[in-house]
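Chain by chain, the residues run as shown.
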Amino acid sequence: QVQLVESGGGMVQPGGSLTLSCLVSGFTFKNYDMTWVRQAPGKGPEWVSGISDGGGSSSYKLYAKGRFTISRDNTKNTLYLQMHNLKPEDTALYYCARSPSDSIYYRGAMDYWGNGTLVTVSS
């Protein structure tokens, strides 16, 4: 069965850093583009970043570009999101999700989601 398990969330002060991980099982990880999507309290899901299946290309929402770095280790079936200079508005549940597309710019519906890891940036 498909499983995506996020970890690494927590509370951090504005300007701080955090690295999220997503351990994947149940499908051939290296064959799929992957994404990070977040959902702020009381709001709908919002695409954050995408990465190609081999990890050679990535794309970001403008608010994340320069602060966030998406990466993956296909030998470990793991997706990462490094976040720096965090802001209160970054507070959200962060999900990793499998993309049905081979375009890193795809921002539509995703195939599978994890249960999310909570990031709280204090103000």
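Below is a summary of the structure that appears in this document. Small disclaimer: the values here were computed from a predicted structure and weren't measured. (Residues numbered from 1 in each chain as written. Predicted model: local features only at pLDDT ≥ 70, side-chain atom pairs only at ≥ 80, totals over all residues. Heavy atoms only, no water.)

### Some words on the overall build of the chain
Counting its regular elements, the chain contains zero helices and eleven strands. N-terminal to C-terminal, the α/β element order of the chain is β-β-β-β-β-β-β-β-β-β-β. Structurally, the chain occupies a C-alpha span of about 40 × 25 × 25 Å along its principal axes. For the chain, the residues scored as buried account for 41% of the 123 residues in total. (Helix = DSSP H or I, 4+ residues; strand = E, 2+ residues; numbered from the N terminus. Buried < 20%, exposed > 50% of the residue type's maximum accessible area, 1.4 Å probe, protein only.)

### Some words on the pairing of strand 11 (residues 117-121)
Residue alternation in strand 11 divides its side chains into a buried set, Thr-117, Val-119 and Val-121, and an unburied set, Leu-118 and Thr-120. The sheet contact formed by strand 2 (residues 10-12) and strand 11 spans three bridges and is parallel. Each residue of the ladder has a partner; that of Gly-10, found in strand 11, is Val-119. Bridge count for strand 9 (residues 92-98) against strand 11 is three bridges, and the pairing is antiparallel. (Pairing = 2+ DSSP bridges.)

### Details of the side chain of Ser-52
For Ser-52, the position within the fold is in the loop between strand 5 (45-51) and strand 6 (58-60). Assessed through its relative accessible area of 12%, Ser-52 is described here as buried. Polar contacts involving the side chain of Ser-52 include one to the main-chain amide nitrogen of Gly-56, which spans 3.2 Å. Not counting residues up to four positions away in its chain, the partners in contact with Ser-52 are Asp-33, Ser-57, Arg-72 and Ile-104. (Polar contact = N/O pair within 3.5 Å; in protein donor to acceptor, adjacent residues only side chain to side chain. Contact = heavy atoms within 4.5 Å.)

### Quick notes on the sheet that holds strand 1 (residues 3-7)
Taking strand neighbours across the sheet as the criterion, the four strands line up as 1-3-8-7 in an open arrangement whose pairing is antiparallel. Each edge of the open sheet carries a strand with a single partner, namely strand 1 and strand 7 (68-73). Strand after strand, the sheet turns through a mean of 15 degrees between neighbouring axes, direction not considered. In this structure, strand 1 lies alongside strand 3 (residues 18-25), joined through five bridges in antiparallel fashion. Bridge pairing in strand 3 places Val-5 opposite Leu-23. (Axes fitted to C-alpha atoms, helices over the stretch in contact; angles between N-to-C directions.)

### Some points on the nonpolar core
Side chains of a nonpolar character, in soluble globular proteins, are inclined to be buried together. Within the largest apolar cluster, 25 residues are counted, with the highest numbers of intra-cluster contacts made by Trp-36, Phe-68, Leu-79, Met-83 and Tyr-94. Put simply, the parts of the chain that give this core at least two residues each are strand 3, strand 4 (34-39), strand 5, strand 7, strand 8 (78-83), strand 9 and strand 11. Among the elements that take part in this core, strand 3 stands out by supplying four residues, more than any other. When near neighbours in sequence (up to four residues on either side) are disregarded, Met-83 contacts Gly-16, Ser-17, Leu-18, Leu-20, Arg-67, Phe-68, Tyr-94 and Val-119. (Core = buried A, V, L, I, M, F, W, Y, C linked by side-chain atoms within 4.5 Å.)

### So, the packing of aromatic side chains
Summed over the entire model, instances satisfying the criterion amount to two aromatic pairs. For the pair Phe-27 and Tyr-32, a centre-to-centre distance of 5.3 Å together with 85 degrees between the ring planes defines the contact as edge-to-face. Owing to a relative accessible area of 13%, Phe-27 belongs among the buried residues under this scheme. Positioned over the ring face of Phe-29 is Arg-72, at 4.2 Å from the centre of the ring. In this structure, Arg-98 is placed above the aromatic ring of Phe-27, and the distance from its NZ or CZ to the ring centre is 4.8 Å. (Phe/Tyr/Trp six-rings, centres within 6.5 Å; stacked < 30°, edge-to-face > 60°. Lys NZ or Arg CZ within 6 Å of the ring centre and 35° of its normal.)

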